Amino acid sequence: MRQAGQVPVPTDPEEPAAGPPPDHPHQATLRRLEQSSGKLAAAAIARMDEQLPWYRAMPPENRSWIGLVAQAGIAAFTEWFRRPETPQAISTDVFGTAPRELTRAITLRQTVEMVRTTIEVVETAIDEVAAPGDESVLREALLVYAREIAFATAQVYAQAAEARGAWDARLESLVVNAVVSGEADDGALSRAAALGWGSPEHVAVVLGTAPDGDSELTVEAIRRAARQAKLQVLTGVLGSRLVVVAGGSDNPLQAAKSLIGPYAPGPVVAGPVVGDLVSATRSAQAAAAGLRACAAWPDAPRPVLADDLLPERAMAGDPAARDLLVEEIYRPLESAGAALLETLSVYLEQATSLEGAARMLFVHPNTVRYRLRRVTDVTGWLPSDVRSAFTLRVALILGRLADDRAQH
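All values reported here derive from a predicted model rather than from experimental measurement.

Thresholds, definitions, all that
Residues numbered from 1 in each chain as written. Predicted model: local features only at pLDDT ≥ 70, side-chain atom pairs only at ≥ 80, totals over all residues. Heavy atoms only, no water. Pairing = 2+ DSSP bridges. Helix = DSSP H or I, 4+ residues; strand = E, 2+ residues; numbered from the N terminus. Contact = heavy atoms within 4.5 Å. Axes fitted to C-alpha atoms, helices over the stretch in contact; angles between N-to-C directions. Salt bridge = Lys/Arg side-chain N within 4 Å of Asp/Glu carboxyl O. Buried < 20%, exposed > 50% of the residue type's maximum accessible area, 1.4 Å probe, protein only. Core = buried A, V, L, I, M, F, W, Y, C linked by side-chain atoms within 4.5 Å. Parallel < 35°, antiparallel > 145°, perpendicular 65-115°, else oblique. Nonpolar A, V, L, I, M, F, W, Y, C, P; charged D, E, K, R; others polar. Phe/Tyr/Trp six-rings, centres within 6.5 Å; stacked < 30°, edge-to-face > 60°.

(A) The arrangement of the sheet that holds strand E5 (residues 304-305) in detail. Pairing within the open sheet is mixed, and its five strands lie in the order E2-E3-E1-E4-E5. Where the open sheet ends on each side, the last strands, each with one partner, are strand E2 (232-238) and E5. Sheet topology note: the E2/strand E3 (residues 241-247) ladder contains seven bridges and is antiparallel. By the bridge assignment for E3, valine 237 is matched with leucine 242. Against the sheet, helix H10 (residues 215-229) engages E2 and E3, with an angle of about 160° to E2.

Dropping the structure here:
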């Protein structure tokens, strides 16, 4: 009596055989397997429809392609059983019947379930498909074939993953290059979204020298560091530079410290925080200008903020740095009153000496001290600090030059 789930095998002796090799040791089993392939495929589809919810939920077109894959798998097993000594390209025989897009429509787990279901259907029917005495032979052949089809499945998805990875890498390079070159637009946003970029509120660009060797390994190292720091990143190696667009932190220096490991020795510069990916062009331009100007500050920390390099950037010809120094330091001091500008100028000329500045201004040293605190409140820079004093001096020079140009 046929057991439930088993597939009836046609036994019409008049039906022509598919032509097994005349010297095949199991001609009767091969002939019965050929005759049963259609019904086995139908049984596999029926069982998938019964047991796999994701298959029932798929569009008809995809279900049709999966049915063809199952049918091709059984046909490939038949051909493999016919000539086991001949090398077979199983992945091509089985998965070549479906379009490449199917690997995006169904996951690897779903494909494994589909293959397992089909193999189980064939295994259930072995006692009826095999000729008397060939049951163990056919069962062993199916086990070997199941192993081969498992390898073929892994190969198909590995190739698809490699293709997607290569495409994603090219797409990511396009986005990063658009940010660095100042061409970021809505198209770049769309491409970034396709890569999983979640549009964080805080974005900063970090630039440095790329290490020698495989750039893919460098990019992967950046991604690992970003995951540990809970940052979103878009990254790429552009020429000799390693560029990272980091999102999710309002502290660009801390973000740069989290990502600094994969960079080659040398300066690493973090641009200012901006609000979105399109605006990240400003951060990238500031970081690039800072990287060019780093040679003028050999003792700069690593990493360093682009805004901490404003005086070097201004001297190197960066107009954005010049404008920032004038608009964020000189103009606020000018608006706060002439006394602050005069006191700061004299204090810097007197080599940051309170007493010397007080004598030159004919005021008490405490008055100079108070005015300098006001300078810090207005600008955020501390005149008594050597580095800040240098920045303030450059800002005063640029502000005076701007005023002179405006008068003439």
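(B) Quick peek at the pattern of salt bridges. Evaluation of the coordinates by the stated rule reveals eleven salt bridges. Between arginine 393 and glutamate 349 there is a salt bridge; the shortest N-O distance is 3.5 Å. Taken together, the residues span a long stretch of sequence, with arginine 393 in helix H18 (residues 386-407) and glutamate 349 in helix H15 (residues 338-349) at a distance of 44 residues. Its relative accessible area of 55% is what places glutamate 349 among the exposed residues. Within the structure, one salt-bridge network assembled from shared partners comprises Glu34, Glu79 and Arg82.

(C) Molecular detail of the side chain of threonine 235. Turning to its location among the elements, threonine 235 is positioned in strand E2. Beyond its immediate chain neighbours, meaning those up to four positions away, threonine 235 contacts Glu172, Val176, Val219, Ile222, Leu242, Val243 and Val244.

(D) Just the nonpolar core, in detail. Grouped together as the largest cluster of nonpolar side chains are 33 residues, with contacts concentrated most on Trp54, Ile66, Phe77 and Leu138. Mapped by element, the contributors of at least two residues to this core are helix H1 (27-51), helix H2 (53-56), helix H3 (60-82), helix H6 (108-124), helix H7 (126-129) and helix H8 (135-181). The element that contributes the greatest number of residues to this core is H3, accounting for eight residues. With sequence-adjacent residues up to four places away left out, isoleucine 66 is seen in contact with Ile45, Met48, Trp54, Tyr55, Met58, Ile106 and Met114. Counting residues in each nonpolar core, the second largest holds 29 residues, with Val175, Leu207, Leu277 and Val304 among its members.

(E) Region of interest: the pairing of E3. Counting buried positions over the seven residues of E3 gives six, a clear majority of the element. As paired strands, strand E1 (residues 203-209) and E3 are joined by seven bridges and run antiparallel to one another. Paired with valine 203 across the strands is glycine 247, a residue of E3. Linkage of E2 to E3, two consecutive antiparallel strands, is achieved through a turn of two residues, within which glycine 239 is found at a positive phi near 65°.

(F) Layout of the packing of helix H16 (residues 354-361) against helix H17 (residues 365-379). At a minimum axis distance of 8 Å, the contact between H16 and H17 shows a crossing angle of 105°. Overall, the two elements H16 and H17 adopt an arrangement that is roughly perpendicular. Residues Leu354, Ala357, Ala358 and Leu361 of H16 pack against Pro365, Val368, Arg369, Arg371 and Leu372 of H17. Residue classes in the contact of H16 with H17 are distributed as seven nonpolar, no polar and two charged.

(G) Broad picture of the packing of aromatic side chains. Taken as a whole and judged by the stated rule, the model has three aromatic pairs. With a centroid separation of 6.4 Å and an interplanar angle of 45°, the aromatic rings of phenylalanine 77 and phenylalanine 81 are classed as tilted. With phenylalanine 77 and phenylalanine 81 both in helix H3 and four residues apart, the pair spans about one turn of that helix. Phenylalanine 81 carries the same exposure label as phenylalanine 77, and that label is buried.

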